[in-house]
Amino acid sequence: MPVISTSAVRTTALGAAGAAVAGIGYASLVERNAFVLREATMPVLAPGSSSLRVLHISDLHMMPGQKLKQQWLRELDRLEPDLVVNTGDNLSHQKSVPAVVQALGGLLSRPGLFIFGSNDYFAPVAKNPLKYFKKDHRRTFGAPLPWKDLRAAFTERGWLDLTHVRRDLEVAGIRIATAGVDDPHLQRDRYDTIAGAPNPLAELRIGLTHSPEPRVLDRFAEDGYDLVLAGHTHGGQLCLPGYGALVTNCGIDRSRVKGPSKWGGRTQLHVSAGIGTSPWAPYRFCCRPEATLLTLVAAPPRRPGAGAGQGVSASEAVAR
């Protein structure tokens, strides 16, 4: 039996510790601030419709002093999207509302839709990260956050609050039927308040939810929504090369933790990996913070019997 020297064990341990420190440093200092714009084309519009550019942002988790994040967000207005969709978790601090509003800047002057997430209502708190591997763990909430002030700021600039309401609007000549629910992660979703088929005259039907819980996605799909937008997952936040996300922090499977996918026979789902992190877990690994520019195009004519065969294009990462 080979004898392993004490010095070899010490060297190995020091090497492992050094690698761990380097990984934590990269995840917290580099990748957490390596913002990226992703682009995806999704065939969800009625046949014959012109394309629509939708900027999907989520999970800002803004702190007042995060100047780099705020500057990157301000530059997104240069994309000139037709519609902006915000799927919640904007705040992480009692004094974050001005920072969020100033960072969104010109985007608030464009047509916009929003719903809120748990970290719009309650400040994040420190927790054991192993709890994320247990779906039914007991949740703890921090101090209340000024979500009413944020809602007022958004609505005063013209964005539409879709929390348990249905709204029809026209954007770039396209009639859109929309609806949303409050955060399922907090068990606040009341889908019955918006249940039923959306406007049949609409060329596009969009549903919003912060956490992409299957019980909510199923209802949107049953009612005939073309596209559901969600956030919450942070794309897994900590991912492994060749494996992907370790957890989703909700009921969907790891393959849908970020980007476009199908839900049911005809509904498309897009989950944003988000722009921020909790101040108590300020790191990302193999999962850069992101916003997504979705180009919605006309779906091909549906053939009799065709259902699950229609796919979506793969996301293309573009650093901006």
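Our structure's up above, just so we're on the same page.
To keep things clear, this report deals only with the structure shown in the data block. (Residues numbered from 1 in each chain as written. Predicted model: local features only at pLDDT ≥ 70, side-chain atom pairs only at ≥ 80, totals over all residues. Heavy atoms only, no water.)

## Some details on the packing of helix 3 (residues 97-104) against helix 5 (residues 147-156)
And then number 1: The interhelical angle for the contact between helix 3 and helix 5, taken along N-to-C directions, is 25 degrees, at an axis separation of 10 Å. Comparing the axis directions of helix 3 and helix 5 gives the class roughly parallel. Between helix 3 and helix 5 lies a crossing of right-handed hand. The residues of helix 5 that touch helix 3, namely those facing Val 97, Val 100, Val 101 and Leu 104, are Asp 149, Leu 150, Ala 153 and Phe 154.
And then number 2: In the contact of helix 3 with helix 5, the residues fall into seven nonpolar, no polar and one charged. (Axes fitted to C-alpha atoms, helices over the stretch in contact; angles between N-to-C directions. Helix = DSSP H or I, 4+ residues; strand = E, 2+ residues; numbered from the N terminus. Parallel < 35°, antiparallel > 145°, perpendicular 65-115°, else oblique. Left-handed = near helix turned anticlockwise from the far one by under 90°. Contact = heavy atoms within 4.5 Å. Nonpolar A, V, L, I, M, F, W, Y, C, P; charged D, E, K, R; others polar.)

## Re unusual backbone geometry
And then number 1: Phi is positive for Ala 172, close to 50 degrees, though the residue is something other than glycine.
And then number 2: By the secondary structure assignment, Ala 172 is in the loop between strand 6 (166-171) and strand 7 (174-180).
And then number 3: Of note in the backbone geometry, His 234 takes a positive phi value of approximately 60 degrees without being a glycine.
And then number 4: Assignment of secondary structure puts His 234 in the loop between strand 9 (227-230) and strand 10 (239-240).

## Things to note about the side chain of Asp 120
And then number 1: When you line up the elements, Asp 120 lands in helix 4 (residues 118-121).
And then number 2: Among buried charged residues, Asp 120 stands out as having no salt bridge; its nearest opposite-charge side chain is Arg 188, 9.6 Å away.
And then number 3: Not counting residues up to four positions away in its chain, the partners in contact with Asp 120 are Gly 88, Asp 89, Asn 90, Leu 91, Leu 145, Trp 147 and Leu 150. (Buried < 20%, exposed > 50% of the residue type's maximum accessible area, 1.4 Å probe, protein only. Lys, Arg positive; Asp, Glu negative; His and termini not counted. Salt bridge = Lys/Arg side-chain N within 4 Å of Asp/Glu carboxyl O.)

## What about the sheet that holds strand 12 (residues 259-263)?
And then number 1: The six strands are arranged 6-7-8-9-13-12 in an open sheet whose pairing can be described as mixed. The open sheet is flanked by strand 6 and strand 12, the only strands paired with a single partner. The average undirected angle you get between the axes of adjacent strands in this sheet is 25 degrees.
And then number 2: Contacts from helix 6 (residues 214-222) reach strand 7, strand 8 (204-208), strand 9, strand 12 and strand 13 (267-271) within the one sheet, and its direction differs from that of strand 12 by about 65 degrees. (Pairing = 2+ DSSP bridges.)

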